[in-house]
Protein chains: 2
Amino acid sequence: MEKVKTILLNKGVYSDNDAEAEKLRRELKKDGVFLINVMSSPGAGKTTTLISLINRLKTRLNVGVMEADIDYDIDAVRVAEKTGCKSVQLHTGGMCHLDASMTRQGLEELGYKGLDIVFLENVGNLVCPAEFDTGAHLDIMILSVPEGDDKPLKYPLVFRKCGLVIINKTDALPYFDFDMEKCRRNILDRNPQAEVIPVSAKRGDGMAELEQFFINKINGKEKT
Amino acid sequence: MEKVKTILLNKGVYSDNDAEAEKLRRELKKDGVFLINVMSSPGAGKTTTLISLINRLKTRLNVGVMEADIDYDIDAVRVAEKTGCKSVQLHTGGMCHLDASMTRQGLEELGYKGLDIVFLENVGNLVCPAEFDTGAHLDIMILSVPEGDDKPLKYPLVFRKCGLVIINKTDALPYFDFDMEKCRRNILDRNPQAEVIPVSAKRGDGMAELEQFFINKINGKEKT
């Protein structure tokens, strides 16, 4: 097993999380680090998608990963083993989301200097993580086919907040009543600026397009 | 479309939610109403499972349903149309969970007197709803096959709290790497008292056993 640190996060002490997030975002930008906050329901395939994506990106970029969970140790080890990337496990101590102060604690333990891109895998939850700015330069989410094409209607905030919606498990499309075009419309109704990329992280479909999305973000200096 | 009330809930004003939940539980018991709090991830099939279950129960029991969502109106209408049961839609106004005071507001709008059993479909979220006692006599959860057999390890509290875990979408078992026996062990490790019933609400598999579980609860006077 790879050696992976596990960090028990302290609850944020800053009353103004938005200001703290903005400060962190500026500091990271100065250091040339692009931080991506990844949100999804439990079981949408965050870790599998990240492993597949990182294995494509790592030849061109220095990648780091922070895996947040309420209380679990396996994901960061799995990412480290399967990608060889710098990885830490964050325990939220039961908290349902991450804020900017918790993200900063994770980044300090990870050691982010010299990295081009850091993925923060948030707690599996479509509600609370959307309410807290982590300091990321880009919020993205993963919706999986078995969850249904109506989820943008039921959890509007997370869809409004995300610049990229990955629709995962497209290999399962034949077995579920999921209308891709309807889902895309539901997403764009909530957030006309969202990019939508369908993938099967398991089978590899769509992963080249997803890789290119991130390469463009970094090379095009599209950092916000 | 059926006429279904939509209620915007006010945040609980009681500092001691546990005491308020206990009070509600006692009052409902006195009125002969059995309240069931249904939790799951987004897209696990709560509404589809409830519709299938209620259509089996309604010939023997008077059933009511409360559908909680952050901001969405379709589920309660769907339940009312497909079952003919008393149904209300609860809007949590962005809140990630229900507490006992919010549950009481819903019950009052539903009009619960004369009902034998009321299902409360909680917000789709495996984290926060598990932390708040709604006043229900039984907490249950629905885990779906595409979410993975490791979820009891990642979200232990909700599994510890539930007297029944329904494993839904068993029709999708051939397409996912889901080990039913491993999942059952993961659940029972967290909660040795949990009943585990695999079903396909879409296809009907396991629904007779699920129906019998609730009939036994009501007839056996197993109300706690």
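Refer to the structure presented above.
Keep in mind that what you see is a predicted model, and the values were worked out from it rather than measured.

**Q** Requested: an account of the overall build of chain A, with residues and values cited.
**A** Looking only at helices and strands, chain A has eight helices and eight strands in total. Over its C-alpha atoms chain A spans a radius of gyration of 16 Å, differing by no more than 12% from the 17 Å that the globule rule assigns to 224 residues. Its C-alpha atoms give chain A principal-axis dimensions of roughly 45 × 35 × 35 Å. The buried share among the 224 residues of chain A stands at 62%. Between the mean site of the 31 positive side-chain charges and the mean site of the 34 negative ones, chain A shows a separation of 3 Å.

**Q** Quick rundown of the sheet that holds strand S3 (residues 63-69) of chain A? Include the residues and the values.
**A** Residue and element names in this part refer to chain A. The eight strands are arranged S1-S4-S3-S5-S2-S6-S7-S8 in an open sheet whose pairing can be described as parallel. Taken across any chain shown, the strands that pair with only one partner, and hence form the sheet edges, are strand S1 (5-8) and strand S8 (195-198). Direction aside, neighbouring strands of the sheet carry axes that sit 20 degrees apart on average. Its contacts with the sheet place helix H2 (residues 46-57) against strand S2 (34-40), S3, strand S5 (117-121), strand S6 (138-144) and strand S7 (164-168), and it is angled at close to 170 degrees to S5. Running over the sheet, helix H3 (residues 74-83) touches S3, strand S4 (86-91) and S5 and is turned about 175 degrees from S4.

**Q** Describe in detail the sheet that holds strand S6 (residues 138-144) of chain B, supporting the description with residues and values.
**A** Residue and element names in this part refer to chain B. The strand order across the open sheet built from eight strands is S1-S4-S3-S5-S2-S6-S7-S8, with neighbouring strands paired in parallel fashion. Of all strands in the sheet, those with a lone pairing partner are strand S1 (5-8) and strand S8 (195-198), marking the two edges. In this sheet, adjacent strand axes meet at a mean angle of 20 degrees when their direction is disregarded. Inspection of the sheet shows strand S3 (residues 63-69) paired to strand S4 (residues 86-91) by six bridges, in the parallel sense.

**Q** Any details on the relation of the copies chain B and chain A? Residues and values, ideally.
**A** Two copies of a chain can be linked by a rotation about an axis combined with a shift along that same axis. The transform that puts chain B on chain A rotates by 180 degrees and translates by 0.0 Å along the axis, for an RMSD of 0.0 Å. On this basis, the relationship between the two copies can be described by a two-fold rotation axis. Looking at the interface residues of chain B, 100% of them are also at the interface in chain A, so both copies use one shared face.

**Q** Now, about the interface of chain B and chain A: what can you tell me, with residues and values included?
**A** Contacts between the two partners involve 29 residues from chain B, matched on the other side by 30 residues from chain A. Where chain B meets chain A, there are four salt bridges. Salt-bridge contacts for aspartate 75 of chain B lead to lysine 154 of chain A; the nearest nitrogen and oxygen are separated by 2.5 Å. For the pair chain B and chain A, the interface holds nine residue pairs in polar contact (both at pLDDT 80 or more). In terms of residues, the side of chain B that touches chain A owes the most to one element, helix H5 (residues 151-154) of chain B, which gives three residues.

**Q** Could you give me a rundown of the pairing of strand S5 (residues 117-121) of chain B, with the residues and numbers involved?
**A** Residue and element names in this part refer to chain B. Taken across its five residues, S5 has five buried, putting it largely inside the fold. Residues of S5 alternate between two faces, with Ile117, Phe119 and Glu121 on one and Val118 and Leu120 on the opposite face, all of them buried. Pairing of strand S2 (residues 34-40) with S5 involves five bridges; the strand directions are parallel. When the sheet's bridge partners are listed, isoleucine 36 is paired in S5 with phenylalanine 119. Looking at chain direction, S3 and S5 are connected through five bridges and run parallel.

**Q** Before we move on, could you go through the pattern of salt bridges and cite the residues and values that matter?
**A** All names here are of chain A. Tallying each qualifying case throughout the model produces 26 salt bridges over all chains. Salt-bridge contacts for glutamate 20 lead to arginine 104; the nearest nitrogen and oxygen are separated by 3.3 Å. Here glutamate 20 is found in helix H1 (residues 17-30), whereas its partner arginine 104 is found in helix H4 (residues 100-110), with 84 residues between them in sequence. We note that glutamate 20, like arginine 104, is buried. Here lysine 151 and aspartate 150 are joined by a salt bridge, their closest N and O atoms 2.7 Å apart. One network of salt bridges, with partners in common, ties together Glu20, Lys23, Glu27 and Arg104.

**Q** Quick one: what's the story with H3 of chain A, residue by residue and with numbers?
**A** Helical periodicity: at 3.6 residues per turn, an α-helix aligns residues three or four positions apart in one direction. Among the residues of H3 of chain A, those classed as buried are Asp75, Ala76, Val77, Val79, Ala80 and Thr83 of chain A. Looking one or two residues past H3 of chain A, glycine 84 of chain A carries a phi angle of roughly 75 degrees, positive in sign.

**Q** Any details on the nonpolar core? Residues and values, ideally.
**A** A general feature of soluble globular proteins is that nonpolar side chains tend to end up buried together. Counting residues in each nonpolar core, the largest one holds 50 residues, and the members touching the most others are Met141, Val158 and Ile167 of chain A together with Met141, Val158 and Ile167 of chain B. Breaking this core down by element, the ones donating at least two residues are S6, helix H6 (156-161), S7 and helix H7 (180-190) of chain A together with S6, helix H6 (156-161), strand S7 (164-168) and helix H7 (180-190) of chain B. What isoleucine 167 of chain A contacts, discounting residues up to four positions off in sequence, is Leu143, Val145, Phe178, Met180, Cys183, Ile187, Val196, Ile197, Pro198 and Val199 of chain A.

**Q** Quick rundown of helix H1 (residues 17-30) of chain B? Include the residues and the values.
**A** Residue and element names in this part refer to chain B. With 14 residues, H1 extends 20 Å from end C-alpha to end C-alpha; this agrees with the ideal 20 Å at 1.5 Å per step. Buried residues along H1 sit in contact with S2 and helix H4 (100-110). For H1, the N-terminal cap is aspartate 16; the gap from its side-chain oxygen to the backbone nitrogen of aspartate 18 is 3.3 Å. The first or second residue beyond H1 is glycine 32, which carries a positive phi of 75 degrees.

Cut-offs used in this document
- Residues numbered from 1 in each chain as written.
- Chains lettered and ligands numbered in written order.
- Predicted model: local features only at pLDDT ≥ 70, side-chain atom pairs only at ≥ 80, totals over all residues.
- Heavy atoms only, no water.
- Helix = DSSP H or I, 4+ residues; strand = E, 2+ residues; numbered from the N terminus.
- Rg over C-alpha atoms; globule rule 2.2 N^0.38 Å.
- Buried < 20%, exposed > 50% of the residue type's maximum accessible area, 1.4 Å probe, protein only.
- Lys, Arg positive; Asp, Glu negative; His and termini not counted.
- Charge placed at Lys NZ, Arg CZ, Asp CG, Glu CD.
- Pairing = 2+ DSSP bridges.
- Axes fitted to C-alpha atoms, helices over the stretch in contact; angles between N-to-C directions.
- Contact = heavy atoms within 4.5 Å.
- Least-squares fit on C-alpha atoms with pLDDT ≥ 70 in both.
- Salt bridge = Lys/Arg side-chain N within 4 Å of Asp/Glu carboxyl O.
- Polar contact = N/O pair within 3.5 Å; in protein donor to acceptor, adjacent residues only side chain to side chain.
- Core = buried A, V, L, I, M, F, W, Y, C linked by side-chain atoms within 4.5 Å.
- Expected span 1.5 Å × (residues − 1).

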